[in-house]
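# Coordinate analysis (summary)
Residues per chain are reported as follows:
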Amino acid sequence: MQLERLLQSQGFGSRKVCRQRIEAGDVRVNGAACRDPQADFDTAALTFEIDGDVWAYAEHVYLALHKPAGFECTHQPQHHRSVYTLLPPPLVRRGAQSVGRLDADTTGLLLFSDDGRFIHALASPKRRVAKHYRAALKHPFDEALPGKLLAGVLLTDEPAPLAALAAQQLDTRTLALSIDQGKYHQVKRMVAAAGNRVEALHRTGFGALSLENSSLPPLAPGDWCYLDKNHLALLGYRH
Ligand code: URA
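Only a predicted model underlies this, so the values are computations on that prediction, with no experimental measurement involved. (Residues numbered from 1 in each chain as written. Predicted model: local features only at pLDDT ≥ 70, side-chain atom pairs only at ≥ 80, totals over all residues. Heavy atoms only, no water.)

### Brief notes about the site of the ligand
To keep it simple, the criterion reads: Only heavy atoms are used to decide nearness, and a residue is near a molecule or strand if one of them lies within 4 Å of it. As used in this structure description, the phrase polar contact means that two N or O atoms lie within 3.5 Å; if the pair is within protein, one of them must be able to donate a hydrogen and the other to accept it, and residues adjacent in sequence are counted only when both atoms belong to side chains. For the accessible areas, the method is Shrake-Rupley and the probe is 1.4 Å, while residue cover comes only from the protein chains on display. Per the convention used, a helix needs a DSSP run of H or I reaching at least four residues, while a strand needs a run of E reaching at least two, with both numbered from the N terminus. For this classification, Asp, Glu, Lys and Arg are treated as charged, while Ala, Val, Leu, Ile, Met, Phe, Trp, Tyr, Cys and Pro are nonpolar and the rest, including Gly, are polar. For the domains described, the bounds stem from an automatic or database domain assignment.
Near the ligand, the surroundings consist of L102, D103, T106, Y133, H185, Q186, V187, K188 and L201. One of the backbone nitrogen or oxygen atoms of H185 is found 3.2 Å away from an oxygen atom of the ligand. The contact in question runs from an oxygen atom of the ligand to an N or O atom on the backbone of Q186, over 3.4 Å. Relative to its unbound accessible area of 240 Å², the ligand is 95% covered by the protein chains. With three residues, the top contributor of residues to the shell around the ligand is helix α6 (residues 186-193). Of the residues belonging to the shell around the ligand, the class tally is four nonpolar, three polar and two charged. Of the residues that make up the shell around the ligand, three or more belong to each of domain 2 (62-124 + 211-234) and domain 3 (130-206).

Here it is as structure tokens:
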């Protein structure tokens, strides 16, 4: 691929901007300076350096972020900062989008990609990828709560009851809940419909990918990492 096209595809600006950066001598490819925007490179295992950072060429990017509270999953946030400010600008510019959304006050695992097939596959109700949550409850745990959530609760504007895949008491005010749909405020609404209230919500995992086992490197709130082929397999996704 031509170097100027290659840089553009990786989120470093328009073709013109990339050409200017290359001609200015700002770019190294596989460790060597290159000032020719039309130079042709094999993208397999290619690395390039720009602004002091080394990047590996990737046709698509797949990312996991530990979302902190107080961030909105949109490019035009209304009341908080955008989660996209937590990612490197080239990854946002090349089109990495979150897989679904978490509420501004919800913390935990949020995935991103610029691979539309991946986003669609994970968001699709047919694939039934489980999302795992831990919810802090306002009222003490009622023994009947897991049963109600597993049996299904009817939410306003939903044609049929929504049932949890798993629901378990963790302590007197903490519920572990897994669902495979992604309706608006679904966990909070399900818990409310079952007679309690979510005060704080954390997504611990997506499929077999979890912030709480060694499937991912340790991620503090606000940290992100790339996902590799093994991570994608844990999500049931193959290229
Ligand atoms: N369910 C909710 O209610 N909120 C979230 O952020 C995610 C799932």
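### Quick look at the sheet that holds strand β4 (residues 53-56)
Which entries qualify depends on this criterion: For two strands to be treated as a pair, DSSP must find at least two bridges joining them.
Taken in spatial order, the four strands of this open sheet run β2-β1-β3-β4, and their pairing is antiparallel. Each having just a single partner strand, β2 (32-33) and β4 make up the two edges of the open sheet. Of the strand pairs in this sheet, strand β1 (residues 27-29) and strand β3 (residues 47-50) are connected by three bridges, and their pairing is antiparallel. Bridged to R28 within β3 is E49.

### Details of the environment of V187
The line we're drawing: In this analysis, two residues are considered to be in contact whenever any of their non-hydrogen atoms come within 4.5 Å of each other.
Secondary-structure assignment places V187 in helix α6. Aside from chain neighbours lying at most four places away, what touches V187 is Y133, L177, I179, V198 and L201.

### Some points on the pattern of salt bridges
For clarity, the cut-off: Between Lys or Arg on one side and Asp or Glu on the other, a salt bridge is scored when a side-chain nitrogen of the former is within 4 Å of a carboxyl oxygen of the latter. Relative accessible area decides the class of each residue, using a 1.4 Å probe on protein chains only: under 20% of the type maximum gives buried, over 50% gives exposed, and in between gives partly exposed.
Tallied over the entire structure, the rule returns ten salt bridges. D105 is the salt-bridge partner of K188, the closest N and O atoms lying 2.8 Å from each other. With a gap of 83 residues between them, K188 in helix α6 and D105 in the loop between β8 (97-98) and β9 (107-113) connect regions that are remote in the sequence. Among the salt bridges present, the one from E212 reaches R134, with a minimum N-O distance of 2.8 Å. Of this pair, E212 sits in the loop between β14 (209-210) and β15 (224-226) while R134 sits in strand β10 (residues 131-137), placing them 78 residues apart in sequence. We classify E212 as partly exposed; its relative accessible area is 47%. Owing to a relative accessible area of 29%, R134 belongs among the partly exposed residues under this scheme. A single network of salt bridges, built from pairs that share partners, joins E4, R15 and R19.

### As for the packing of aromatic side chains
Threshold: Paired rings are identified among Phe, Tyr and Trp, the last through its six-membered ring, by centres lying within 6.5 Å, and are further divided according to the angle between planes into stacked (under 30 degrees), edge-to-face (over 60) and tilted (the rest).
All told, the structure shown has six aromatic pairs when counted by the stated rule. Look at Y62 and F118: their rings are 5.0 Å apart centre to centre, the planes differ by 80 degrees, and that puts the pair in the edge-to-face class. Taken together, the residues Y62 in strand β5 (residues 62-67) and F118 in helix α4 (residues 116-123) connect sequence positions 56 residues apart. Residue classification places Y62 among the buried residues on the basis of a relative accessible area of 5%. Ring geometry for Y84 against F112: centres 5.5 Å apart, planes inclined by 80 degrees, an arrangement best described as edge-to-face. Residue Y84 is found in the loop between β7 (81-82) and α3 (89-93), and its partner F112 is found in strand β9; the two are separated by 28 residues along the sequence. Taken individually, Y84 and F112 each receive the classification buried, so the pair is uniform in this respect. An aromatic cluster is present here, built from F12, F48 and W55 joined pairwise through their rings.

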